[in-house]
Amino acid sequence: MTLADRVLAGDPRAIARAISLIEDEDPASGDLVRAIFSHTGRAYLIGVTGPPGAGKSTLVDRLVTIIRTQSTQSTQSQPFSASSASSAFPTVGVIAVDPTSPFTGGAVLGDRLRMQSHAADEGVFIRSMATRGHLGGLARSTGDAALVLDAAGKDVVVIETVGVGQDEVDIIRTADISIVTLVPGTGDEVQALKAGIMEIADIFVVNKADREGADRLVAAVDANLALHTYQSGEWRPPVVKTVATTGAGVAELVAAIEQFRAHAADTQMTRRKTRGEYRLRELVSQRFMDHLERHVLKTGELASVVERIAAREVDPYTAAADLLGRALNSPTS
Ligand SMILES: Nc1nc2c(ncn2[C@@H]2O[C@H](COP(=O)(O)OP(=O)(O)OP(=O)(O)O)[C@@H](O)[C@H]2O)c(=O)[nH]1
Ligand SMILES: [Mg+2]
């Protein structure tokens, strides 16, 4: 059985192995994605972002608990339907993107500990992924890891990232739903505005609502939303207060997710296309640079172009046009 077959069968060890290949940017990961891709597109992708320490992992842990027990409730609507008759509860995959170096391990351990309540649950797969240094690498590897979980039959895939950089914003923006977590008393409003994460939120969560200033923060976010005129039928992001440590407000969050999912059913395809386009553009750019560096330029030549730009001997537009021309005139690999 190939690794792809084992992933498709839902084998947790194969899922872990596949994600490691992706994380290491092993060439085999491309073949893996090729093999599983036609089996993806079913999972509901939830992106959770926010500043470091906002309580994202604690919140995700609570969210997973509710999703995993949802079928026991006799409520009207169920946003996350289980994939097969054999599993009564929706299965979940969680990817926590570790903002720190893969070698410090601190945040990895933290995420593991805070999601420990699902350790014995076979329907939940939790994994931390380390940030890679280069542009777009994180978005690609996270996207590929989500594909693995999707192919493995997870009904819901949650991606947790620290909302600090464009990369993280890009990951969350292309999820089926984006949840932005803020915390009172940290000047988050300003930070969030800077990082451009206000615009990507489908739902705002003010976590640590047990702290002073929660209502003020809710009011600040509301005031910000009020600057935008919502057309009738347009989704206005709700602001949900939670205390992730006790679970307070998490049921309301699930209800908001449910509402968004029902509301955005027709726009989901647009979002998925955007996700696909983003990945395609990123992949082509990366392939192009790889080709350029491996087959067109001599060793160190790119660095010397960078030097010349720094020394103002050439402008970046001319340099880029020159590199593009040279690459196009060389045989592709
Ligand atoms: N008082 C209070 N503390 C909370 C709440 N939610 C989480 N915490 C605590 O905040 C700390 C950080 O929680 P995490 O869930 O690890 O936060 P995170 O956003 O995942 O952190 P990173 O992934 O490292 O960015 C932990 O000590 C939690 O127990 C809350 O609602 N109220
Ligand atoms: Mg975390």
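## Focus on the packing of helix H12 (residues 301-310) against helix H13 (residues 316-328)
Viewed as axis vectors pointing N to C, H12 and H13 meet at an angle of 155°, and their least axial separation amounts to 10 Å. Between H12 and H13, the angle is such that the two are roughly antiparallel. As H12 runs across H13, the sense of the crossing is right-handed. Along the contact surface, H12 presents Glu301, Leu302, Val305 and Ile309, while H13 presents Pro316, Ala319, Leu323 and Arg326. Split into classes, the residues belonging to the contact of H12 with H13 amount to six nonpolar, no polar and two charged.

## Considering the pairing of strand S1 (residues 44-50)
Extensive coverage of S1 is indicated by the burial of seven of its seven residues. Side chains Tyr44, Ile46, Val48 and Gly50 project from S1 onto one buried face, and the interleaved Leu45, Gly47 and Thr49 project onto a second face that is buried too. Looking at chain direction, S1 and strand S4 (residues 156-162) are connected through seven bridges and run parallel. Counted as the bridge partner of Gly50 is Val162 from S4. Where S1 meets strand S5 (residues 177-182), four bridges bridge the pair, whose relative direction is parallel. Looking at S5, one finds that Val48 is bridged to Ile179.

## Looking at helix H10 (residues 250-263)
Between the first and last C-alpha of H10 there are 20 Å, a value that for 14 residues agrees with the 20 Å anticipated at 1.5 Å per step. For H10, the full list of buried residues reads Val250, Leu253, Val254, Ala256, Ile257, Glu258 and Phe260. Close packing links the buried residues of H10 with S1, helix H4 (56-69), S5, strand S6 (203-206), strand S7 (239-241) and helix H11 (268-296).

## Focus on the pattern of salt bridges
Tallied over the entire structure, the rule returns 16 salt bridges. Here Arg281 makes a salt bridge to Glu277, at a shortest N to O gap of 2.8 Å. One end of the pair is Arg281 and the other is Glu277, both in helix H11 and four residues apart, which spans about a single turn. Under the relative-accessibility criterion, Arg281 is labelled exposed at 55%. One salt-bridge network, held together by shared partners, links Asp176, Arg272 and Arg275.

## Some words on the sheet that holds S1
Ordered in space as S3-S2-S4-S1-S5-S6-S7, the seven strands form an open sheet in which the pairing is parallel. Looking along the sheet, the strands with just one partner apiece sit at the ends: strand S3 (124-130) and S7. Neighbour-to-neighbour, the strand axes of this sheet turn through a mean angle of 20°, independent of strand direction. Across four bridges, S5 lies against S6 in parallel orientation. Note on S6: the bridge partner recorded for Thr181 is Val205. Contacts between helix H9 (residues 214-226) and the sheet are confined to S5, S6 and S7, with S7 contributing the most and set at about 170° to the helix.

## Here we look at the confidence of the model for the chain
The pLDDT averaged across the chain works out to 84; a share of 82% of its residues lies at or above 70. A low-confidence stretch, residues 72-77 stays under pLDDT 50, and its non-local contacts, those more than four residues away or across chains, total three contacts. Note that pLDDT drops below 50 for residues 101-108; the model gives that stretch eight contacts with residues more than four away or on any other chain.

## With respect to the packing of aromatic side chains
Scanning the entire structure with this criterion turns up one aromatic pair. Sitting over the face of the ring of Tyr44, Arg261 holds its NZ or CZ atom 3.8 Å from the ring centroid.

## Focus: the nonpolar core
Core analysis: the largest hydrophobic core is formed by 45 residues, its most contacted members being Val7, Ile19, Ile95, Val148, Val157, Ile159 and Phe204. Ranked by residue count, the leading element in this core is helix H6 (residues 137-151), at eight residues. Core analysis: the next-biggest nonpolar cluster, separate from the first, contains 28 residues, Leu63, Val64, Val92 and Val124 among them.

## Overview of unusual backbone geometry
Positive phi is not limited to glycine here, since Glu25 has a value of about 55°. Tracing the backbone shows Glu25 in the loop between helix H2 (12-23) and helix H3 (28-36).

## With respect to the side chain of Thr181
Residue position: Thr181 is located in strand S5. Thr181 gets classed as buried once you look at its relative accessible area, which sits at 0%. Leave out the neighbours within four places in its chain, and Thr181 touches Val48, Thr49, Gly50, Pro51, Ala54, Lys56, Leu59, Val205 and Asn207.

Reading the values: rules and limits
Residues numbered from 1 in each chain as written. Chains lettered and ligands numbered in written order. Predicted model: local features only at pLDDT ≥ 70, side-chain atom pairs only at ≥ 80, totals over all residues. Heavy atoms only, no water. Axes fitted to C-alpha atoms, helices over the stretch in contact; angles between N-to-C directions. Helix = DSSP H or I, 4+ residues; strand = E, 2+ residues; numbered from the N terminus. Parallel < 35°, antiparallel > 145°, perpendicular 65-115°, else oblique. Left-handed = near helix turned anticlockwise from the far one by under 90°. Contact = heavy atoms within 4.5 Å. Nonpolar A, V, L, I, M, F, W, Y, C, P; charged D, E, K, R; others polar. Buried < 20%, exposed > 50% of the residue type's maximum accessible area, 1.4 Å probe, protein only. Pairing = 2+ DSSP bridges. Expected span 1.5 Å × (residues − 1). Salt bridge = Lys/Arg side-chain N within 4 Å of Asp/Glu carboxyl O. pLDDT = per-residue confidence, 0-100. Phe/Tyr/Trp six-rings, centres within 6.5 Å; stacked < 30°, edge-to-face > 60°. Lys NZ or Arg CZ within 6 Å of the ring centre and 35° of its normal. Core = buried A, V, L, I, M, F, W, Y, C linked by side-chain atoms within 4.5 Å.

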